[in-house]
Amino acid sequence: MNTKMHADEADIDDALVRALVARQFPEWASLPVRRLESSGTENAMFRLGTELVVRLPRHPGAVDDVRREGRLLSRLGPLLPVPTPEPVGRGEPGAGFPWPWSVYRWLAGRNPVAGAVPQAKRLAEDLGRFVAALRGVHAADGPPGSRGVPLAARDAPTRSAIARLTGRTDTAGVTALWEEALRAPEYTGPPVWAHGDLSPGNVLVDGGRLSAVIDFGVAGVGDPAVDLIIAWNLLPAEARETFRDTVGADDAEWARGRGWALSVALIQLPYYWETNPPLAENSRHVIGELLAEASR
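(A) The overall build of the protein, seen in detail. In terms of helices and strands, the protein carries nine helices and nine strands. The burial tally for the protein puts 53% of its 296 residues in the buried class. Pairs at least 24 residues apart make up 72% of the contacts formed inside the protein by residues separated by at least 6 positions. Of the roughly 12,900 Å² of accessible surface on the protein, 52% is carried by carbon and sulfur atoms.

Shown next as structure tokens:
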């Protein structure tokens with residue numbers, strides 16, 4: 001998305017990226033630069049030639065994620081069953097841009113679309129294997145994930161979002177679902193790795209199979225139930241059990257994952273209603289899927 005989504009968002013365009021690359025990576029200065037359409041909220045993405053992509057934080061709150069992702073990818077990437085972003089250049093502030101930025105190798109594939117997923121059960125298996133592999137990485141000294149927290153920590157912002165959605169969604173229905181999720185047993189196991197933001201915009205598919213997972217900016221250790229959100233923000237109902245079985249989620253974890261999917265969708269929807277139509281549409285999709293599931 002080229003529209004600004006945050007009050008403190010920087011001005012980022014092709015000319016800025018060309019200037020940054022020319023000054024800091026002259027070997028790539030002749031490569032064409034093209035902004036990529038993306039529903040991402042934290043970073044702006046630009047294709048650099050055919051083999052590279054430039055990623056710049058949109059606002060101050062995203063800056064630490066750039067540094068964090070670089071550290072985590074070097075540790076996690078080689079242990080995962082599908083490709084992840086490979087950093088090839090670390091940019092510094094310059095040309096009027098105040099924050100560090102990154103250059104990565106281009107990953108082939110496309111973002112899937114919720115409601116139009118071919119070979120959904122096969123993709124569910126692929127996603128389940130990715131989540132299981134990530135959970136299997138040694139986590140004793142991993143950094144806490146910003147989303148690996150108890151659902152109760154999301155209660156206030158979730159209820160605030162529900163209030164803002166009065167007249168725009170079934171607030172009574174989503175409140176009941178949220179309160180049910182809060183009653184799920186809390187996670188009491190050891191901290192486990194989670195991506196934290198598995199969504200259609202952060203996975204790539206090719207030929208119906210998972211080909212890559214991107215954007216590890218909020219990855220960390222904690223309650224891994226957050227990674228179950230993709231069961232509702234992407235997978236159709238008939239593929240959810242396949243995903244659940246592949247991950248090995250018990251009833252309590254599945255209930256927490258459902259709560260995470262609901263909370264993320266509810267908070268995103270009023271914030272991005274006007275500025276990020278694809279993300280708002282996916283939030284509406286999640287809410288609809290959860291309400292339909294509850295009525296069955």
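(B) The packing of helix 3 (residues 120-135) against helix 7 (residues 237-247), seen in detail. In the contact formed by helix 3 and helix 7, the axes pass within 8 Å of each other and the chain directions differ by 25 degrees. Taken together, helix 3 and helix 7 sit at an angle that is classed as roughly parallel. As for how helix 3 packs across helix 7, the hand of that crossing is right-handed. Note on element contacts: helix 7 touches helix 3 through E238, A239, T242, F243, T246 and V247, opposite A120, K121, A124, E125, L127, G128, R129, V131, A132 and R135. Tallied by class, residues from the contact of helix 3 with helix 7 come to eight nonpolar, three polar and five charged.

(C) A look at the packing of aromatic side chains. Enumeration according to the criterion identifies five aromatic pairs in this entry. Residues W232 and W254 carry aromatic rings whose centres are separated by 4.8 Å and whose planes lie at 45 degrees to one another, so their mutual orientation is tilted. On the criterion of sequence distance, the pair formed by W232 in helix 6 (residues 230-233) and W254 in helix 8 (residues 251-272) is long-range, its members being 22 residues apart. Among the residues examined, W254 registers a relative accessible area of 5% and is labelled buried.

(D) Region of interest: the pattern of salt bridges. Evaluated as defined, the whole model comprises 18 salt bridges. For R209, the salt bridge is made with D126, and the minimal N-O distance between the two is 2.7 Å. Note that R209 is positioned in strand 8 (residues 209-213) and D126 in helix 3, a separation of 83 residues in sequence. Between R159 and D155 there is a salt bridge; the shortest N-O distance is 2.8 Å.

(E) Local environment of the pairing of strand 5 (residues 101-105). Across the five residues that make up strand 5, a large majority, four, are buried. Summarising the sheet, strand 3 (residues 52-57) and strand 5 pair through four bridges and their orientation is antiparallel. Among the inter-strand pairings, R55 is bridged to a residue of strand 5, identified as S102. For strand 4 (residues 87-91) and strand 5, the ladder comprises four bridges, and the chain directions are antiparallel. Within strand 5, the position partnered with P87 by the bridge is Y104.

(F) Just the packing of helix 4 (residues 155-164) against helix 5 (residues 171-182), in detail. Following both chains from N to C, one finds helix 4 and helix 5 inclined at 170 degrees, their axes separated by 10 Å at the closest point. Between helix 4 and helix 5, the angle is such that the two are roughly antiparallel. For the pair formed by helix 4 and helix 5, the contact residues are D155, T158, R159 and I162 on the first element and T171, V174, T175, W178, E179 and L182 on the second. Split into classes, the residues belonging to the contact of helix 4 with helix 5 amount to four nonpolar, three polar and three charged.

(G) Fine view of the side chain of N233. Looking at the element boundaries, N233 is found in helix 6. Engagement of the side chain of N233 in a polar contact is seen with the backbone oxygen of L198, the distance being 3.0 Å. Excluding its chain neighbours within four sequence positions, the residues that come into contact with N233 are A114, L198, S199, P200, N282, H285 and V286.

(H) Region of interest: helix 7. Turning to helix 7, its buried residues number three or more, namely A239, R240, T242, F243, R244 and V247. Looking at the buried residues of helix 7, the elements they touch are helix 3, helix 6, helix 8 and helix 9 (277-295). Of the residues flanking the end of helix 7, it is G248, one or two places downstream, whose phi is positive at about 85 degrees.

(I) Examining the nonpolar core more closely. With 61 residues, the main nonpolar core has L127, F130 and F243 as its most contacted residues. The biggest single contributor to this core is helix 8, with eight residues. Beyond its immediate stretch of four places on either side in the chain, F243 contacts A124, L127, G128, V131, D227, L228, I230, A231, L235 and W254. Listed in part, the 20 residues of the second largest apolar core include V33, F46, L48 and V54.

Each value, and the rule that gives it
Residues numbered from 1 in each chain as written. Predicted model: local features only at pLDDT ≥ 70, side-chain atom pairs only at ≥ 80, totals over all residues. Heavy atoms only, no water. Helix = DSSP H or I, 4+ residues; strand = E, 2+ residues; numbered from the N terminus. Buried < 20%, exposed > 50% of the residue type's maximum accessible area, 1.4 Å probe, protein only. Contact = heavy atoms within 4.5 Å. Areas by Shrake-Rupley, 256 points an atom, 1.4 Å probe, with all protein chains shown as cover. Axes fitted to C-alpha atoms, helices over the stretch in contact; angles between N-to-C directions. Parallel < 35°, antiparallel > 145°, perpendicular 65-115°, else oblique. Left-handed = near helix turned anticlockwise from the far one by under 90°. Nonpolar A, V, L, I, M, F, W, Y, C, P; charged D, E, K, R; others polar. Phe/Tyr/Trp six-rings, centres within 6.5 Å; stacked < 30°, edge-to-face > 60°. Salt bridge = Lys/Arg side-chain N within 4 Å of Asp/Glu carboxyl O. Pairing = 2+ DSSP bridges. Polar contact = N/O pair within 3.5 Å; in protein donor to acceptor, adjacent residues only side chain to side chain. Core = buried A, V, L, I, M, F, W, Y, C linked by side-chain atoms within 4.5 Å.

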